[in-house]
Amino acid sequence: MTHLKLLGTTALALGLAAPAMAQEIRFMCYSDGNECEVYDDVLTRFEAANPGVDVIVDVVPYQAILENLPIQLAAGSGPDIAKVTDLGGLSQYYLDLAPYIDRAYWEASFGDTLGWYRGAAGGDAINGMHSQLTITGAFVNATLFEQAGVEMPGADATWDDWAEAARSVAAATETPFPMAIDRTGHRFAGPAISYGAAIVAEDGTPTLSDEGFAAFTAQFVEWNNDGTMARDVWAGQGGATYQDAAQEFINGELVFYYSGSWQVGRMDSTVGDLFDWQVVGSPCGPAGVCSGMPGGAGIVGFSATQHPEVVAAVIDFLAQEDIYAEVTARTRNLPAHLGVAQAGVEFEGASPAAAAALSAFAADLADVAPSAFRYQGYANNRAMFGITAERVSQAIVGELSVEDAVARMAADLEAALADAQ
Amino acid sequence: MRWPGWPPTSRRRWPTRSKGVAETKGQGATAPAPPPEMTALRGAGDGFALRLISPVMRLVEIPMIALQRLLGINRLAWVFLAPNLLLFGLFAFLPVILNVAYATTGGANVMLADRPQIGMGNFERLLDCANHLDPNTCREDKFWRAVWNTLWFVTLQVGIMVGFSLLTAIVLNGKIRARGFFRSVFFFPVLLSPVVVALIWKWMLQRNGVLNAFLDWAGIGGYNWLVDAQWAFAWSVFLSVWAHMGFYTLILLAGLQAIPRDVYEAATMDRASPWRAFRRITLPLLAPTMLVVLVLALIKGVQTFDEVYAFTGGGPGTATTFIIQYIYEEGFAGSPRLFGLSAAASLLVAFVLVVLTLVQLWVNRKSVDG
Amino acid sequence: MGRTWEFLTATRGGARLHWTDWASYGYLFLGVFLMFFPVVWLVLSSFKTEADLQRYPPTFLPYQQQTITLDGHADPLPLFRITGGEHEGMILAQLRRVGLQAQMIDPANPEERLQVSIRDYERLERFSLATENYSDLFGRFNFLLYFWNSTFITVMATLIMLLTNSMAAFALSKYRFRGRTVVLLLVIGTLMIPQTVVLVPLFLIVSELGMFNSLWGVIIPGAATPTGVFLLRQYMLTIPDEILDAARMDKASEWKIYWRIILPLSAPAIAVLAILAIMWRWNDFLWPLIVLTQSENFTLQLALNSFQGELQTQWSSLLAMTVLTLLPIAMVFMFLQKYIATGIASTGGK
């Protein structure tokens, strides 16, 4: 009885002393590796420093973030915080953190990536923290090059040079596939921009059918049909389904694999000493542009939350330089935090090959074209990724000619923009 | 209304649930039943369950008797229906009604109130084709590709699945040792979730999969099954048959066991060949069961989604994109989410299914009446 | 020997095996292979390490690289069998590999460094179960809680479904009242619309009713399935009305008739429905994914799929989890299978 009474009075005292506290914050998180575990661990420190706040990390399948979260937000029943990848598309639901945080620190630390979270609205709201920066780029099986006695193309090499080199290496070493690109419109965009595609013009007009885009589409379809590209990757799937070629690369069946920085950990742990691999960044297009696509995920708060100040405090905590650096090191991601990037990150448990690969990717960030940056923050980019993957695949399997595919992409984009209004 | 001719009441063994079938004859619907109390307390397990629910049921009985006095016996039916109708109303009919409302609106907003009315616009968009046989001439080419794919798929899948189910049921109905074991084996895949089914077979069939490893080892050489449109389609049919045939096999087996054995004995005496006995006796007597199987298999076939979606993602290209996947991608997984368009497509599918089912019933009206 | 063969090949009728019997058994064993082999493969694969899973050609049994710990080397060194060159036949440990050459040492003579071309060696492996795939699962999340949620949802949804469906089936099969045909047609009509296409309206309804993020949001909509009403009604139609009339003469109430006569007599059909309902709810994924977003409410299927990230899937954990979620349903099946058999046999299914 005394026990109960005691509990009651304590609760009362707490309630009076800190009326805004005793809050439960829901953080919807998905993992590509160990991200959610690390956040959960780091946030226990936040909880210790802020008694009464309970941040619960709900680890969900990525599908839940991609497909269900937008519907829950529209119905007003979303979480307080989430790790999202559709950065611009969900911007209408984001909580503007600006009133609760140090704007100067955030702008100095996150710079351009803040714009990705503003979506179509623009303005100067601080809507989210880019927690893991990724950049697309190529992995090369160096051992195969060595065995074939082929010189690796240099830093300014074009896609054509690499295709040529990869083909001769594959022929000399009887490797089944010279090249592969992940099946997603996001990976496709890097080389397309290098071929001269505008994708998202400076005034924000999107296009999937200009000359540069059509040129790379035609080249890519040709490469798929003449055996330069591993046909499985794009032709083996339908719709907008994501498909990578990591398994082929890990088995030494692929010479040149265009993917991105997030694959480093996986390569490091599964390739072992089967062969030597290295990262060569993004090859150039005929016009001399050598762009990859930036990307990644960010942590956002939602304006429907009951406790905006706590949500902002949690995200601000994660954005502090020391915390950000620790999380980056433990999850082996590239930092989007400029201070952390400058100081350099000591990646936890990474082999020399992996550390070299991550630095190669980080160095390649300088080559990213402005339109690639715009595309990543463009509100309808998910629609455009989907259209690209779907129509280009149809052209590869022969359901559509390249011209028809490009025309369909233009029509689909137009319809999507009309519907999205 | 009764579900057409099923189950064949006159041939049913009733009310015992004995295993044999030979004694079926003569125990028609009028056979005297054992006292209910005895039947209810048949097995120890049943008795236990009964003791557990008895107090609750007795409690419910009090208001039910009052209602019975108030309403009379026939109107009491609605009381029995009420809980189920409430559930159905809220979670089955209401969503469909909302779907009708969605189908007449456009845009990408989730909340119905925020969506602009566009009348039949979504239906027009779906049906807008220069030539309905060539999806490339259609405004929504993916919809028509999905329609034709589904048509092919259902034809092949239902045909092959019912064929193999029938064969398996006949084999199992023969003089087989360990029948229970084999029956369970064929039913087993029914228990697996669609995602697991797809996962397993993807693992088997991918270029670096088990089947190719075996073919390599056997010297035949592997083949990239899932990149070839025809093969990917064929394997989708296979996978779907693999996962579902157990259920239909059991239904058909039940139908076969309801056929009195003495009919066959008579046929044997007449020196009829087994094939003739099959065609003249088995098939006609199995017709009512077959109808249930066909109707169900057809409905489920048109609604095929999860396992093939997880298996090929609808590819290569659009070779295995079926109609439910189109609806799911347009209205849910894709971007922007066109709830209106996908709702319209789902209504069209439901309409076609209703028509198909009615046609099946009409074609089989003989066994329906019987 | 001959007698054993005779025994094995004897049929129930005592006659010799006809060729059709051979064909039947051949077909059945092919079936066993086709139905079971993929599942056996799944179970074996769940014991492989992530690297082993990616290998081609795949091995049937899980293997791991053999290693040896030598003095002066902190990490265990991988062992290789040398298949050519001057050290042929030896088993050496690899220190490091540079390009096409590997620097190796003989465990018997750890001082000397040997150069071996990587074409001349093969990995030395031994059978080893990666049980950490399983044990890690228990550390990563609250497996027991998710198991309890899944079980609770499955049991409650099945009970509610059995009760409401059998009541409705009783009304539809044993009473003549106006509107019966309409109700029945509506029930059949709902068969035509799969849940996948009404996800959004259904989600809005469930949210409005305040069942979002609650186990009941999965349980209650799941109980509204037309198949159950249908199956039970077909079965109850075959129960002779005379039994009911006799009970009514004895002044039994309608409710008593329902639960003391109709329910026990429909037991086989109810068993079939029970196993179907258990299977549906246990394997349900899309719907719980929308309704349940908080980890204390997660089901096993949601936890299973959380191994799929945007860019990567952790196959080893995912396969182990798949096998774990398969076990309970397989056990329920083994327990109930004889009821299903008699159940479907006597209802004729549907």
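Analysis parameters
- Residues numbered from 1 in each chain as written.
- Chains lettered and ligands numbered in written order.
- Predicted model: local features only at pLDDT ≥ 70, side-chain atom pairs only at ≥ 80, totals over all residues.
- UniProt positions renumbered as here; feature names shortened; annotations may be inferred.
- Helix = DSSP H or I, 4+ residues; strand = E, 2+ residues; numbered from the N terminus.
- Contact = placed C-beta atoms within 7 Å.
- Nonpolar A, V, L, I, M, F, W, Y, C, P; charged D, E, K, R; others polar.
- Buried ≥ 20, exposed ≤ 12 C-beta atoms within 10 Å, placed from the backbone.
- pLDDT = per-residue confidence, 0-100.
- Pairing = 2+ DSSP bridges.
- Right-handed = clockwise from strand over helix to strand, strands pointing away.

## A word on the UniProt feature "domain: ABC transmembrane type-1" (unreviewed entry) in chain B
Okay, so step 1: Mapped onto this structure's residue numbering, the UniProt feature "domain: ABC transmembrane type-1" (unreviewed entry) falls at residues 147-360 of chain B.
Okay, so step 2: Summarising residues 147-360 of chain B: 76% helix, 0% strand, and an end-to-end C-alpha distance of 20 Å.

## A short note on the interface of chain B and chain C
Okay, so step 1: Across the contact, 91 residues belong to chain B and 83 residues belong to chain C.
Okay, so step 2: With 17 residues, helix H3 (residues 76-103) of chain B is the single largest residue contributor to the side of chain B that touches chain C.
Okay, so step 3: Considering only residue class, the side of chain B that touches chain C consists of 63 nonpolar, 19 polar and nine charged.

## Side note on the environment of Gln94 of chain C
All names here are of chain C.
Okay, so step 1: Tracing the backbone shows Gln94 in strand S4 (residues 91-98).
Okay, so step 2: Take Gln94: there are 20 C-beta atoms within 10 Å of it, and that puts it in the buried class.
Okay, so step 3: C-alpha of Gln94 to C-alpha of Pro264: the two residues are 170 residues apart in sequence and 70 Å apart in space.
Okay, so step 4: In contact with Gln94, not counting residues within four places along its chain, are Leu77, Pro78, Phe80, Ala102 and Met104.

## Some remarks on the environment of Glu107 of chain A
Residue and element names in this part refer to chain A.
Okay, so step 1: Here Glu107 lies in helix H4 (residues 103-110).
Okay, so step 2: Of the residues examined, Glu107 has 13 C-beta atoms within 10 Å and is grouped as partly exposed.
Okay, so step 3: Placed 230 residues apart in sequence, Glu107 and His337 show a C-alpha to C-alpha distance of 9.9 Å.

## With respect to the UniProt feature "transmembrane region" (unreviewed entry) in chain C
Residue and element names in this part refer to chain C.
Okay, so step 1: Those residues carrying the UniProt feature "transmembrane region" (unreviewed entry) are residues 25-44, 146-170, 182-206, 218-236, 257-280 and 315-336 in this numbering.
Okay, so step 2: Along residues 218-236 one finds 89% helix and 0% strand; the C-alpha atoms at either end are 29 Å apart.
Okay, so step 3: With 96% helix and 0% strand, residues 257-280 has end C-alpha atoms that lie 30 Å from one another.

## Looking at the UniProt feature "transmembrane region" (unreviewed entry) in chain B
Residue and element names in this part refer to chain B.
Okay, so step 1: The sites that carry the UniProt feature "transmembrane region" (unreviewed entry) are, in the present numbering, residues 76-102, 151-172, 184-204, 233-260, 281-302, 308-328 and 340-363.
Okay, so step 2: Helix makes up 71% of residues 184-204 and strand 0%, whereas the separation of the span's terminal C-alpha atoms amounts to 23 Å.
Okay, so step 3: Taken end to end, residues 281-302 has its terminal C-alpha atoms 31 Å apart, with 100% of it in helix and 0% in strand.

## Let's talk about the confidence of the model for chain C
Residue and element names in this part refer to chain C.
Okay, so step 1: Residue-level pLDDT values for chain C average 82, and 90% of them are 70 or greater.
Okay, so step 2: Put simply, helix H1 (residues 2-9) is where chain C has its lowest mean pLDDT, 49, and helix H5 (residues 143-174) is where it has its highest, 92.
Okay, so step 3: For this predicted complex, the interface confidence comes out at an ipTM of 0.83, alongside a pTM of 0.84.

## Quick word on the pairing of strand S2 (residues 53-59) of chain A
Residue and element names in this part refer to chain A.
Okay, so step 1: The element S2 is largely enclosed, with a buried count of five among its seven residues.
Okay, so step 2: Judged from the seven bridges that link them, strand S1 (residues 23-29) and S2 form a sheet pairing that is parallel. Paired with Gln23 across the two strands is Val53, which belongs to S2.
Okay, so step 3: Tracing the backbone out of S1, into helix H2 (residues 35-49) and back to the parallel element S2 gives a crossover that is right-handed.

## Considering the confidence of the model for chain B
Residue and element names in this part refer to chain B.
Okay, so step 1: Looking at chain B, the pLDDT average stands at 80 and 85% of residues meet or exceed 70.
Okay, so step 2: The lowest-confidence element of chain B is helix H1 (residues 36-40), averaging 39 in pLDDT; the highest-confidence one is helix H5 (residues 141-173), averaging 94.
Okay, so step 3: Low confidence marks residues 1-45, where pLDDT is under 50. Its contacts with residues over four positions away, or in another chain, come to 75 contacts.

## Regarding the interface of chain A and chain C
Okay, so step 1: Contacts between the two partners involve 33 residues from chain A, matched on the other side by 26 residues from chain C.
Okay, so step 2: Elements with a minimum of two residues in the side of chain A that touches chain C: S1, S2, helix H3 (62-74), helix H6 (142-148), helix H11 (246-250) and helix H12 (264-271) of chain A.
Okay, so step 3: Examining the composition of the side of chain A that touches chain C, we find that six residues originate from one element, H3 of chain A, more than from any other.
Okay, so step 4: For the side of chain A that touches chain C, a count of residues per class yields 13 nonpolar, 13 polar and seven charged.

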